[in-house]
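The lines below spell out each chain.
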Amino acid sequence: MGNTAKFEIDGKTVELPVLRGTDGPAVVDIRKLYAEADVFTYDPGFMSTASCESKITFIDGDAGILLHRGYPIMELAEKSNFLEVCYLLLHGELPSAPEFEVFEKNITYHTMIHEQFDRFFMGFRRDAHPMAIMTGAVGALSAFYHDSTNVNDPAQRMISAHRMIAKMPTIAARAFKYSRGQPFVFPRNELSYAENFLRMCFSVPAEDWVPNPVLTRAMDRIFILHADHEQNASTSTVRLAGSSGANPFACIAAGIASLWGPKHGGANEECLNMLTDIGTVDKIPEFVQGVKDRRYLLMGFGHRVYKNYDPRATVMQKTCHEVLKEVGAENDPILQVAMELEKVALNDPYFVERKLYPNVDFYSGITLRALGFPPEMFTVLFALARTVGWIAQWKEMIEDPSQKIGRPRQIYTGAPARSFVPVDKR
Ligand code: ACO
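Counting of residues starts from 1 at the beginning of each chain's written sequence and follows it residue by residue. Reporting in this predicted model follows two pLDDT cut-offs: at least 70 for local features of residues, and 80 or more for side-chain atom pairs to be given and counted; totals over whole chains, interfaces and linings ignore these cut-offs and use all residues. Note: side-chain values were computed over all heavy atoms of the structure, leaving out hydrogens and water.

Draft legend 1. Geometry of the pattern of salt bridges. Criterion for a salt bridge: a side-chain nitrogen of Lys or Arg within 4 Å of a carboxyl oxygen of Asp or Glu. By the definition in use, this model includes 20 salt bridges. A salt bridge links E399 to R157; the shortest N-O distance between them is 3.1 Å. Taken together, the residues span a long stretch of sequence, with E399 in helix α18 (residues 378-399) and R157 in helix α7 (residues 154-180) at a distance of 242 residues. We call a residue buried when its accessible area falls under 20% of the maximum for its residue type, exposed when it is over 50%, and partly exposed in between, using a 1.4 Å probe and counting protein chains only. A relative accessible area of 41% places E399 in the partly exposed class. Residues R221 and E322 are paired through a salt bridge, measuring 3.1 Å at the closest nitrogen-oxygen approach. Highlighted residues: R221 in helix α9 (residues 213-225) and E322 in helix α14 (residues 311-326), separated in sequence by 101 residues. Look at the salt bridges and you will find they share partners, linking E78, R221, K318 and E322 into a network. Strands here mean DSSP runs of E at least two residues long; helices mean DSSP runs of H or I at least four residues long; both are numbered from the N terminus.

Okay, structure coming up:
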């Protein structure tokens, strides 16, 4: 492939530069197309469009590869920890031991939220979905931290990043406690990130939470698996919101709103509901027929980018087995349904032809339920973990010298220009 692509329309030829990244398909740079050929391109859903340049995450969907700053997700999940991955995503390199010590302290010592902030939760109905609370509460952070919202100041950008990573578990745990009608549990600085979060969720005044290293490690690994995933819907939402120079906390709230949908982060909740509705292995053929008749989707399957096994799903499946064994639920009928359904789908031409494989959400619901979370908390945990990815991508966008406000165009198919008709003449 050459260094330019030729675009021909109405006898006019426009030469467009071809850009190449470290890996992945070449990219035709169409920025000058409109100016030179007076045409737009049309790509709803961004099927063939790179919306930005990024150095954070790489996905090869055909090969089932996911790299963060070059490191395979499998290795990070096995050998690293969530805060180290946060540092990697934000700074581009793994931290040295002293760098990690400072970073860990920066995060774990800033987990408290303003006392006044707690009153904000009380405004929600007690049966509010925790994702509704998250969207509102994280947006409300923008009203609390006026000293870190100058997006043009690198130091303030980093303080905002630290604040969000540090405070997200506290807010997520409060959303959970509020929906349960239990008192809020305050963070403890000496605990690890995952341990602190689990304790804030599961400790009650009458009984402290008892740490379990297998479950804490599983929680940490689940956070790693969800930390970033290049330009997905919620990340693109954060970038687009942030491209106008908006308040960083408000941009993350926009990302949370996008994540909530059942085709994105909400799929883990929908997937567990689906497995529970199927209930027993003998109901699988009937369920699969319904998918093939296009009455509903097989949740936790399929991905815009992965046309092979999602590598996060492989780690999640292993974590699922470890957690269920630890809590004595290896024979959970829902796990049996999931394993059999996966086997059936992977051998059925309908799914094979469409390259539909399990995604990260297929086993995450079962695992999170075994950790003690109700389905409505699943997407909240995803949002907690994805916060670092959103912030790293937002920061990268602000620091990109070619950054412009995001402003797509359209094909207008509405009425042509016409004159206003007074109401008595319509
Ligand atoms: N079950 C059944 N059929 C499916 C599924 C599914 N889960 N996903 C895609 N298909 C089918 C489509 O009907 C379509 O078939 P057709 O060509 O005969 O019309 C074909 O596969 C291609 O699917 P598209 O919808 O065009 O793929 P797209 O890239 O737009 O969608 C998506 C990707 C949204 C993830 C989709 O696979 C889906 O809805 N999956 C279920 C929800 C889910 O698990 N989401 C989590 C994604 S991972 C994440 O966000 C963390």
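Draft legend 2. Here's a closer look at the environment of S96. With respect to the helices and strands, S96 occurs in the loop between α3 (82-91) and α4 (97-108). Once the C-alpha coordinates of S96 and F378 are considered, the two residues, 282 residues apart in sequence, prove to be 33 Å apart.

Draft legend 3. Here's a closer look at helix α17 (residues 361-371). Of all 11 residues in α17, 9 are buried, a share of seventy percent or more. All of the buried residues in α17 are D361, F362, Y363, S364, G365, I366, T367, L368 and L371. Buried residues in α17 make contact with α8 (193-202), α9, α12 (267-278), α14, α15 (333-346) and α18. Positive phi shows up at G372, right after α17, with a value of about 110°. By the convention used here, residues are in contact when the closest approach between their heavy atoms is within 4.5 Å.

Draft legend 4. Representation of the environment of E84 in the model. With respect to the secondary-structure elements, E84 resides in helix α3. On a C-alpha basis, the gap between E84 and P95 in space is 6.9 Å, while along the polypeptide they are 11 residues apart. In this view, E84 contacts L94, P95 and F100; residues no more than four positions away in its chain are not counted.

Draft legend 5. Representation of the nonpolar core. Take the buried Ala, Val, Leu, Ile, Met, Phe, Trp, Tyr and Cys residues and link them wherever side-chain atoms come within 4.5 Å; each set so joined is a nonpolar core. Among the nonpolar cores identified, the biggest contains 116 residues, and M219 and F373 are the most heavily contacted of them. With 14 residues, α18 is the single largest residue contributor to this core. Not counting residues up to four positions away in its chain, the partners in contact with F373 are F197, L198, C201, F202, M219, L368, F378 and L381. V14, L16, L33 and A37 belong to the second-largest nonpolar core, a separate cluster that totals 5 residues.

Draft legend 6. Representation of the packing of aromatic side chains. By convention, a stacked pair of Phe, Tyr or Trp rings (six-membered ring in the case of Trp) has centres within 6.5 Å and planes under 30 degrees apart, an edge-to-face pair has planes over 60 apart, and any other such pair is tilted. Overall, the coordinates contain 21 aromatic pairs when judged by the stated rule. On the basis of an interplanar angle of 85° and a centroid distance of 5.4 Å, the ring pair of Y87 and F103 is categorised as edge-to-face. One end of the pair, Y87, is in helix α3; the other, F103, is in helix α4, and 16 residues separate them in sequence. Under the relative-accessibility criterion, F103 is labelled buried at 2%. An angle of 75° between the planes, with centres 5.7 Å apart, marks the rings of F176 and F202 as edge-to-face.

Draft legend 7. Fine view of the site of the ligand. Near the ligand there are 19 residues, and of these R294, L298, G300, F301 and R304 occur at the shortest range. At 3.3 Å, a backbone N or O of K263 approaches a nitrogen atom of the ligand. Measuring from an oxygen atom of the ligand, one finds a side-chain N or O atom of R294 at 2.2 Å. Considering the ligand on its own, with 920 Å² of exposed area, one finds that the protein chains cover 74% of that surface. Only Asp, Glu, Lys and Arg are considered charged in this grouping, and only Ala, Val, Leu, Ile, Met, Phe, Trp, Tyr, Cys and Pro are considered nonpolar; every other residue, Gly among them, is considered polar. Here the residues of the shell around the ligand sort into 9 nonpolar, 5 polar and 5 charged. One heavy atom suffices: a residue is near a molecule or strand as soon as one of its heavy atoms comes within 4 Å of it. Pairing of N or O atoms within 3.5 Å defines a polar contact, subject to two protein rules: one partner must be a possible hydrogen donor and the other a possible acceptor, and residues neighboring in sequence count only if both atoms are side-chain atoms. The protein chains shown are the only cover counted for residues, whose accessible areas, like all others here, come from Shrake-Rupley with a 1.4 Å probe.

Draft legend 8. Region of the structure containing the pairing of strand β4 (residues 57-60). Because side chains alternate across β4, one face comprises the buried residues T57 and I59, and the other comprises F58 and D60, none of which is buried. Strand direction decides the pairing type here: β4 and strand β5 (residues 65-68), joined by 4 bridges, are antiparallel. Residue pairing in the sheet places D60 in a bridge with I65 of β5. Note: two strands are recorded as paired if DSSP finds a minimum of 2 bridges between them.

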